[in-house]
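# Fold and geometry: a report
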Amino acid sequence: MNLDITQKVEQLFSERFDLNGNIGRCYKSVKEIPSDALQKITQEQSFWCSSEWLTYVEQIPEVQMLYLVIEDCKGNLAGILPCQLVTNANGLLFYNIPRSLIEGGNFGNPDFLTLAQQEELKESQNEIQCQNLYPSLIAATPNSYCALMVSPSISANERQKIISAMVKFFECCAYQLGSRVHGLFYIPEDLSTDMARNLPDKYQKVRVGADTILPVRWKSFEEYLKFFNDHRRNTIRRERKKFINAGLDVKVLCGAEGLTNELIELQLSIRSKYGHGGDLNQLRNSFIAMRENLADRIRVFTAVCKGETVGFVLFFEYDNVLYSHVAGFDYEKLDKVFCYPNICFYEPLIYAIKQGITRIHYGLSSYEGKVRRGCELFDLGAYITLDTEYDDSLLKHIVNLMSYSEEQQLNYFRKMVVQSLKDY
């Protein structure tokens, strides 16, 4: 981060903003927010809003968190909006709006555009230099969640005033930081209406994907199988049989000891397969940070062959909900044994049924594999605004095409959900 941006950020931390009777403050760590008030406001929220998770992500080198906090006139905590400041093309694509728009790969799928639309998109993207779109302020926590939180003690009418103050504060911070592309991302539908009511007209609504959730509504795995049509049911049975016959042992490891060093190599393997790359030391440090901050939440589902771990999926358990995070596989040793669906879906479901887990969150992307195994899609939107040297119509055209392709993709997978449930 360059000196100019560093100075602007430090200035934000030192200022107090007057927001029509409310007060806006910006913090660099969740630990700076009074813990009692923070605990009340994060109750019954997603794990991705918890102080445990936020404390962990602050230790990821490529993540810079900013916490926009609204206090009422008496200094009581009224609302929090965790944000990330992105200053270059490094780091995670899911929160890098400039890279998403120019390179693609986060939201939108060109395969769901016509050939003419694909050509239009490529030509428009080629006219823009990604480095000219930084810095960028995004309201989203790592793991693709808009964590806008309002105190539960505030009435419905006052809630709208707090959200309005939060949006205004977000605008103030974006302006002060010189953000060229900024927005609120991964907003669930029930929050989208509140956002639309309070955002200025210059914000463009975008479809950026869907959260995939498997509701645990069955009392046994056999009952789960009855949820599907004959074709899908037989496919799942075959995947289970191949996995079991391969002689793989499944172990569920709880706590810090579940994050063994051998999992890092497996995670690098899957990142390399999908072109994400990865740094061994960074992954090692992230495991250390998880052990220190998230030990009580860690649930690792592993596939073991002759004493060697050949696949894993890491979940966090929080308030009777499982949240998937990262995975890794040794693909050379797992040919045609269906390790992925078994330790990502079937074994966690069996565990969830036994433990009284109510649902399993699988997040964005890889929709086909998820909906074919019973996951439901919950739309996520974003509101983006642009302040760049480029013609606004050019960037808006890119945004529109990507949003449209995402809508088409999600509609395709919604139909797949229906087809999996009815008999042919």
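Keep in mind that what you see is a predicted model, and the values were worked out from it rather than measured. (Residues numbered from 1 in each chain as written. Predicted model: local features only at pLDDT ≥ 70, side-chain atom pairs only at ≥ 80, totals over all residues. Heavy atoms only, no water.)

## Quick word on the confidence of the model for the protein chain
Per-residue pLDDT for the protein chain averages 89, and the proportion of residues at 70 or more is 96%. Per-element confidence in the protein chain ranges from a low mean pLDDT of 75 for helix H10 (residues 262-273) to a high of 96 for strand S13 (residues 359-363). (pLDDT = per-residue confidence, 0-100. Helix = DSSP H or I, 4+ residues; strand = E, 2+ residues; numbered from the N terminus.)

## Considerations on the pattern of salt bridges
Counted under the stated rule, the structure contains 19 salt bridges. With a shortest N-O distance of 3.2 Å, glutamate 407 and arginine 207 are connected by a salt bridge. Of this pair, glutamate 407 sits in helix H14 (residues 392-421) while arginine 207 sits in strand S8 (residues 204-215), placing them 200 residues apart in sequence. Via salt bridges that share partners, Glu189, Arg207, Asp379, Glu407 and Arg414 belong to a single interconnected network. (Salt bridge = Lys/Arg side-chain N within 4 Å of Asp/Glu carboxyl O.)

## As for the packing of helix H9 (residues 230-245) against helix H12 (residues 339-355)
Here H9 crosses H12 at 105°, and the two axes come no closer than 10 Å. Put simply, H9 runs roughly perpendicular to H12. Seen from H9, the contacting residues are Ile236, Glu239, Arg240 and Phe243; seen from H12, they are Cys339, Pro341, Asn342, Ile343, Tyr346, Glu347 and Ile350. Among the residues forming the contact of H9 with H12, the class breakdown is seven nonpolar, one polar and three charged. (Axes fitted to C-alpha atoms, helices over the stretch in contact; angles between N-to-C directions. Parallel < 35°, antiparallel > 145°, perpendicular 65-115°, else oblique. Contact = heavy atoms within 4.5 Å. Nonpolar A, V, L, I, M, F, W, Y, C, P; charged D, E, K, R; others polar.)

## Section: the nonpolar core
Counting 40 residues, the largest nonpolar core has Ile33, Trp53, Leu314 and Phe316 as the members making the most contacts within it. Among the elements that line this core, the one with the most residues is helix H11 (residues 280-294), at five residues. Excluding residues within four positions of it along the chain, phenylalanine 316 makes contact with Phe47, Trp48, Trp53, Met290, Leu294, Arg297, Ile298, Val321, Leu322, Tyr323 and His325. In this structure, Ile128, Val208, Tyr367 and Ala382 belong to the second largest nonpolar core, which totals 38 residues. (Core = buried A, V, L, I, M, F, W, Y, C linked by side-chain atoms within 4.5 Å. Buried < 20%, exposed > 50% of the residue type's maximum accessible area, 1.4 Å probe, protein only.)

## Section: unusual backbone geometry
Geometrically, the link from tyrosine 134 to proline 135 is a cis peptide bond, its omega value of 0° lying close to zero. Position of proline 135 among the secondary structure elements: in the loop between helix H5 (115-126) and strand S5 (136-139). Positioned with a positive phi, serine 144 is a non-glycine residue whose angle comes to about 60°. Judged by its relative accessible area of 12%, serine 144 falls in the buried class. Its identity as a non-glycine residue notwithstanding, phenylalanine 338 has a phi of 55°, on the positive side. Relative to the elements of secondary structure, phenylalanine 338 occurs in the loop between strand S12 (321-329) and H12. Owing to a relative accessible area of 31%, phenylalanine 338 belongs among the partly exposed residues under this scheme.

## So, H12
The end-to-end C-alpha separation of H12 is 22 Å, in line with the 24 Å expected for 17 residues at 1.5 Å each. A maximum bend of about 25° is found in H12 at tyrosine 346, where proline proline 348 lies one to four positions downstream. Here H12 lies mainly inside the structure; 12 of its 17 residues are buried. Here H12 has its buried residues at Cys339, Pro341, Asn342, Ile343, Cys344, Phe345, Tyr346, Glu347, Pro348, Leu349, Tyr351 and Ala352. Positioned one or two residues after H12, glycine 356 has a phi angle of 75°, which is positive. (Expected span 1.5 Å × (residues − 1). Bend = angle between axes of the 7 residues up to and from the residue.)

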